[in-house]
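Read off the chains here:
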Amino acid sequence: QVQGKPGMCPVAVNRSVCASVWYMQSGWFLLVAVLASLSGAAAFAAPLPPARFAAARAASRPLAPPASKRSVRSGAPGRLKMGIVTAKKGALSDAPLKFTEKVQAEITEKLRVLDGNKKTWAEMPVAKKIQYLDDIESQLKNVDLGEWVKGTTAIHGFVRPDDMAPMAKTVRVTESFLSSSFLLSVVRKIRTTMREQQASGAAGLKPLPIRKTATGDAVVKVYPYSAADKYVGFGGMGVTGEIWLEDSSVEEAAREYPTPPDGGRVSLVLGAGNQVLLELSDVLDRLFIQGEVVMTKHHELRLANEAPFAIIFAKLIRDGFVAATTGDGATGAFLVNNDLVGHVHITGGLATANKIIWGATAEEQARRKAASDPVLKKPISTELGNISPFIVSPGGDWTDDDLKFQAAHLAAIFSANNSCNCLSPKVLVLAAEWEHRQAFLAHLRQELSLTKQWPPYYPGTKQRYQAFKDHYPEAESLGAGPGVAPNESGEWLAGPGVRNIGAPLPFLLIDLADGGAKGREEYCLNNEAFAPVLAIASIPGDATPRAFAAAASDFCNDKVMGSLTAAVILHPTLEAADTTIADVFASKLRYGGIGINTAGQFHYMIDTLPWGAHPGETLDALESGQGYVKNTLGVKGVRKSVVRFPFRSPVIPTREAVESLPDFVPKIVLTLAKGLATGPLMWLSRIWGLFDALGIKMAYRGYKASSGPRITPP
């Protein structure tokens, strides 16, 4: 990997031995990651029988007033009598609740329970909260992971569980992985921090040592943080993660979980629609890190989260610290404006956030912004959109194989989920005078031409896509055709309910002839597509790495909408020649999350790295939002987080890797995830959980991050 040559598998098997079998490269790592993550109670081991799962699903949707009432302030709300919704034959899942007087009364009752318990939660001893975290992990064994994955993949347009198309197989593997291991890793990291709180008492959390970069920044290493991270997690592949602090003068990184307001607070989480894990992560953040009781509204697409959520948070729901509902826009408006809600958190689109904060119409928003008179009079934290840059730096001894791999890397993460992620690359940034520019673009076009297209499952995708086509009639349309077949009637369907979403869309490639010189006046640099649209900006001028780092950073900071995440690709021989070039890019880019040789998808998966926009956005000029989630270690004064991957990581699901994925791999992943509580695998899982629970910190003394080439260890 040092010279960018064909690399080694995580198990030290040469690529030539692996041949092109993806499960020995990316798939093997996913299997190991699932094993590594499912610890303690060996989650998903014994799923509920279908009848109990259906009952649990219904339990998350109150359809009748409480059968019995207890004291609201006792922390033990009465059980609700639930109705079980039976889907019609052929339906993929239920529709969200319509906002009626009955639903309003039920939601109000839930909010009253939460309000009555917010002080109890805010003042609860850490030891008791740790017990709730233990219960979350224990409850996971009761989730029917197979049903959950079936529901989440149907949302994306993969409605046939027996579909063995490469894209369908990959989606099932990914959803199995995300639904299980990520949730557990966040739970365990929060628990590690809380155990440290419990042990330290009044002394508080121990500060972490920092390093000072050549650019003068104060940086703290937070990944790998435990033995589990280092030896089987991403850390076992040479991945590191850092938090860069706002105050560069500090000598150590202070740590503390925020103190909730006096008397506690009810936080409303408006769940995201594009990924299964985001809502769960946001709820854990507001509940355990911020110290607030939580009402969450499942996104209208994410009804498959209802039953698992009711099971995972069963004890917290029973004791009146967590509540959930579904619903349409009217339900959301009622919750946002309810006096019992003291804080709002949204992971979603900028337009939705502006409507919540400033009013329903553009005219009202403009008037209220001018008068500094928001509709919303309560605090709000936001994780919104981004036109995510994918920067390929000149410099280094690139081979044609290197160019092909990184083009395949970009094509894979751009096309994933139909490019409906806030972290999906949306603008490729190159040096106009880079000698490999044309070759790289040729490989990219080739990869996209051979890549199957995702179903346009997310609402509004086709309309946004068409707007870009209208602005750029000369844009290239690429793709290898639909990645999922229509039904016998020629329709592409998706859940929830039965949505006819239409045929998959080709990838739209927009080559900006002027290199993006118009900046914010350029439609594709000021409007998030949330669709398979990629712009290319070639920056003119000096193509030496240092000069390009300055020019590309200025371009992204000043001319591209958003500050959430950016990716930078650096050749290992460049880093060997200029050992601080990665720090130069990381220091100059004003983004909350920066990936060196990786994009935001893998960045978000690192459970010790905070996620959010770069500090400095104001409420009247939001782009990517305000605030961070997932600061599991409680590091104070976060400015940004930076994750570094090997130049050619074997976990990148390139097109060739996905197409060679054997049919049995999704079944193996699901079986392992569901079967870890019995037999020999149970002990591997429990031993792994012990490593993580102990929170064994790795190599902090005299820490100095390697800014040269990183070799994937055997």
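Note that the structure is predicted; figures quoted are calculated from it, not measured. (Residues numbered from 1 in each chain as written. Predicted model: local features only at pLDDT ≥ 70, side-chain atom pairs only at ≥ 80, totals over all residues. Heavy atoms only, no water.)

Asks: Honestly, the packing of aromatic side chains in this entry has me stumped. Any pointers?
Replies: Within a pair of aromatic rings, the relevant descriptors are the distance that separates the centres and the angle that separates the planes. All told, the structure shown has 20 aromatic pairs when counted by the stated rule. Ring geometry for Trp398 and Trp434: centres 5.3 Å apart, planes at 70°, overall edge-to-face. Taken together, the residues Trp398 in the loop between strand E13 (388-392) and helix H15 (400-415) and Trp434 in the loop between strand E14 (425-431) and helix H16 (437-450) connect sequence positions 36 residues apart. Each member of the pair, Trp398 together with Trp434, is buried. The ring centre of Tyr132 lies 5.5 Å from the NZ or CZ of Lys315, which sits over that ring. Here the basic side chain of Lys630 rests over the ring of Tyr604, its NZ or CZ set 5.0 Å away from the ring centre. (Phe/Tyr/Trp six-rings, centres within 6.5 Å; stacked < 30°, edge-to-face > 60°. Helix = DSSP H or I, 4+ residues; strand = E, 2+ residues; numbered from the N terminus. Buried < 20%, exposed > 50% of the residue type's maximum accessible area, 1.4 Å probe, protein only. Lys NZ or Arg CZ within 6 Å of the ring centre and 35° of its normal.)

Asks: So what exactly am I meant to see when it comes to the packing of helix H7 (residues 166-200) against helix H9 (residues 276-289) here?
Replies: In helix packing, the relevant descriptors are the interaxial angle and the interaxial distance, both defined with respect to the helix axes. Two elements in contact, H7 and H9, have axes whose closest approach is 9 Å; the angle formed by their N-to-C orientations is 15°. As the angle between them shows, H7 and H9 are arranged roughly parallel. Both H7 and H9 take part in a crossing whose hand is right-handed. Contact residues: Glu175, Leu178, Ser179, Phe182, Leu183, Val186, Val187, Ile190 and Met194 in H7; Val276, Leu277, Leu280, Ser281, Leu284, Phe288 and Ile289 in H9. Residues belonging to the contact of H7 with H9 are distributed by class as follows: 13 nonpolar, two polar and one charged. (Axes fitted to C-alpha atoms, helices over the stretch in contact; angles between N-to-C directions. Parallel < 35°, antiparallel > 145°, perpendicular 65-115°, else oblique. Left-handed = near helix turned anticlockwise from the far one by under 90°. Contact = heavy atoms within 4.5 Å. Nonpolar A, V, L, I, M, F, W, Y, C, P; charged D, E, K, R; others polar.)

Asks: Mind showing me how you'd approach the pattern of salt bridges here?
Replies: Two side chains with opposite charge may pair up if their charged atoms get near one another. Applying the stated rule across the entire model yields 31 salt bridges. Between Glu256 and Lys636 there is a salt bridge; the shortest N-O distance is 3.4 Å. Of the two residues, Glu256 sits in the loop between strand E7 (252-253) and strand E8 (266-270) while Lys636 sits in the loop between strand E24 (628-629) and strand E25 (638-644), which places them 380 residues apart along the sequence. Ionic pairing is found between Asp578 and Arg546, a salt bridge with its closest N-O pair at 2.8 Å. Of this pair, Asp578 sits in the loop between helix H20 (572-577) and helix H21 (581-588) while Arg546 sits in helix H19 (residues 545-559), placing them 32 residues apart in sequence. By relative accessible area, which is 41% here, Arg546 ends up partly exposed. (Salt bridge = Lys/Arg side-chain N within 4 Å of Asp/Glu carboxyl O.)

Asks: Would you mind going over the nonpolar core with me for this structure?
Replies: Core analysis: the largest hydrophobic core is formed by 98 residues, its most contacted members being Phe288, Phe313, Leu316 and Val635. Not counting chain neighbours up to four residues away, the residues in contact with Leu316 comprise Trp121, Tyr132, Ile136, Leu287, Phe288, Phe321 and Val322. Core analysis: the second largest hydrophobic core is formed by 69 residues, Ile387, Ala411, Phe507 and Met561 among them. (Core = buried A, V, L, I, M, F, W, Y, C linked by side-chain atoms within 4.5 Å.)

Asks: Which parts of the structure should I look at to understand the pairing of strand E9 (residues 293-297)?
Replies: Every regular strand shows the same layout, with side chains that alternate between the two sheet faces. Within E9, five of the five residues are buried, which leaves it mostly tucked inside the rest of the structure. A two-sided burial pattern is seen for E9, the buried positions comprising Val293, Met295 and Lys297 on one face and Val294 and Thr296 on the other. In terms of strand pairing, E8 meets E9 through five bridges, oriented parallel. Considered in E9, the bridge of Leu268 is made with Met295. The β-α-β motif built from E8, the intervening H9 and the parallel element E9 has right-handed crossover chirality. The sheet contact formed by E9 and strand E10 (residues 322-325) spans four bridges and is parallel. For Met295, the partnering residue across the bridge sits in E10 and is Ala323. (Pairing = 2+ DSSP bridges. Right-handed = clockwise from strand over helix to strand, strands pointing away.)

Asks: Quick question: what am I supposed to make of unusual backbone geometry here?
Replies: Of the consecutive residues Tyr223 and Pro224, the connecting peptide bond is found in the cis state with omega at 0°. Topologically, Pro224 is positioned in the loop between strand E5 (218-223) and helix H8 (227-231). A cis amide bond links Gly495 with the next residue in sequence, Pro496, at an omega value of -5°. Relative to the helices and strands, Pro496 resides in the loop between strand E16 (493-494) and strand E17 (499-500). Phi at Ser419 takes a positive value of approximately 60°, unusual for a residue other than glycine. Looking at the element boundaries, Ser419 is found in the loop between H15 and E14. Even without a glycine there, the phi angle at Asn597 is positive, about 65°. Inspection of the secondary structure puts Asn597 in the loop between strand E21 (593-596) and helix H22 (600-605). Overall, the relative accessible area of 2% leaves Asn597 in the buried class.

Asks: Would you mind going over the sheet that holds strand E19 (residues 533-539) with me for this structure?
Replies: Within a sheet, adjacent strands bond to each other through the backbone by hydrogen bonds, running parallel or antiparallel. Read across the sheet, 11 strands follow the order E4-E5-E6-E25-E21-E20-E13-E14-E19-E18-E15 without closing on themselves; strand pairing throughout is mixed. A strand with exactly one partner marks an edge of an open sheet, and here the two such strands are strand E4 (211-212) and strand E15 (476-478). Pairing of E13 with strand E20 (residues 565-569), which is carried by three bridges, proceeds in the parallel orientation. In the sheet register, Val392 faces E20, and the bridge partner there is Ile569. Packed on one face of the sheet, H15 meets E13, E14, strand E18 (507-512), E19 and E20 and runs near 155° to E14.

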